[in-house]
Amino acid sequence: MTEHAISNCPHIEVRHSSVHGAGAFALRDLPRGSLIGIYTGRRYSADEALGENCDNRLTYLFGLSDDMTINGAEGGNATRHLNHACQPNCEALEEHGEGGQLALRIEAVRRIWSLLGRISGRLFARLK
């Protein structure tokens, strides 16, 4: 499985992960503060999200401070394959995007070494 250079994620690639199915990996060294991508997908209001049946399937849900939820499984990109970690190398930051809508920017919190020629290209995120 390879998901490369998808709209706003030109520096990551989705590959098999020994941790959980698929994971996002850096294609080049990324300095601290680099944009990894914008988390995208179908948006649900709080009521709509509660009405969704998510039993027995993978979910890629990200809740925002305005009570909207982004479902990365529907119209999302490679950022949905970022995995959580106790010592993350990237974080999710809310910002107002086009039209004033909240957007979720994924940014490197420390230098991320690329997958090319190294073992540590794995991307792990935290919500700030």
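One structure accompanies this document, and this report is about it. (Residues numbered from 1 in each chain as written. Predicted model: local features only at pLDDT ≥ 70, side-chain atom pairs only at ≥ 80, totals over all residues. Heavy atoms only, no water.)

1. Let's talk about the packing of aromatic side chains
Stated precisely, the cut-off is as follows: For Phe, Tyr and Trp, where Trp contributes only its six-membered ring, two rings pair if their centres lie within 6.5 Å, and the inter-plane angle classes them as stacked under 30 degrees, edge-to-face over 60, or tilted in between. To qualify as a helix, a DSSP run of H or I must reach at least 4 residues; to qualify as a strand, a run of E must reach at least 2; elements of each kind are numbered from the N terminus. Each residue gets one of three labels from its accessible area relative to the maximum for its type: buried under 20%, exposed over 50%, partly exposed in between, using a 1.4 Å probe on protein chains only. Charge-over-ring placement is defined geometrically: NZ (Lys) or CZ (Arg) within 6 Å of the ring centre, and within 35 degrees of the ring normal.
In this structure the tally under the stated criterion is one aromatic pair. Look at Y39 and F62: their rings are 5.2 Å apart centre to centre, the planes differ by 65°, and that puts the pair in the edge-to-face class. On the criterion of sequence distance, the pair formed by Y39 in strand β4 (residues 35-39) and F62 in strand β6 (residues 61-63) is long-range, its members being 23 residues apart. For the pair shown, Y39 and F62 are each scored as buried. Against the face of W113 rests R111, its NZ or CZ located 4.3 Å from the ring centre.

2. Observations regarding the sheet that holds strand β5 (residues 42-44)
Here is the rule we go by: Between any two strands, pairing holds if DSSP finds at least two bridges. Interaxial angles span 0 to 180 degrees and are taken between N-to-C directions of axes, which are lines fitted to C-alpha atoms, for helices over the stretch in contact.
As summarised here, the arrangement of the three strands in space is β5-β7-β6, forming an open sheet in which the pairing is antiparallel. With partners counted over all chains shown, the strands left at the sheet margins are β5 and β6, one partner each. For this sheet the average axis-to-axis angle between neighbouring strands, irrespective of direction, equals 25°. Where β6 and strand β7 (residues 69-71) come together, three bridges link them in antiparallel fashion.

3. With respect to the pairing of strand β10 (residues 102-108)
Burial runs high along β10: six of the seven residues are buried. Both β4 and β10 contribute to a ladder of four bridges, which runs antiparallel. Directly across from I38, in β10, lies its bridge partner R105. As consecutive antiparallel partners, strand β9 (residues 90-96) and β10 are separated by five residues, and within that stretch G99 has a phi angle of approximately 75°, a positive value.

4. Considerations on unusual backbone geometry
In terms of backbone geometry, most residues other than glycine have negative phi values and most peptide bonds are trans. Non-glycine residue D67 carries a positive phi angle of around 70°. Mapping D67 onto the fold places it in the loop between β6 and β7. Residue classification places D67 among the exposed residues on the basis of a relative accessible area of 54%.

5. Concerning the nonpolar core
Rule in force here: We call a set of buried residues a nonpolar core when its members are Ala, Val, Leu, Ile, Met, Phe, Trp, Tyr or Cys and they connect through side-chain atoms within 4.5 Å of each other.
Residues I12, I36, Y39, L104, I106 and I112 are the most contacted members of the largest nonpolar core, which totals 22 residues. Broken down by secondary-structure element, the contributors of at least two residues to this core are β2 (9-16), β3 (22-26), β4, β9 and β10. It is β10 that contributes the most residues to this core, four residues altogether.

Without other data, these values stay purely geometric and don't point to any function.
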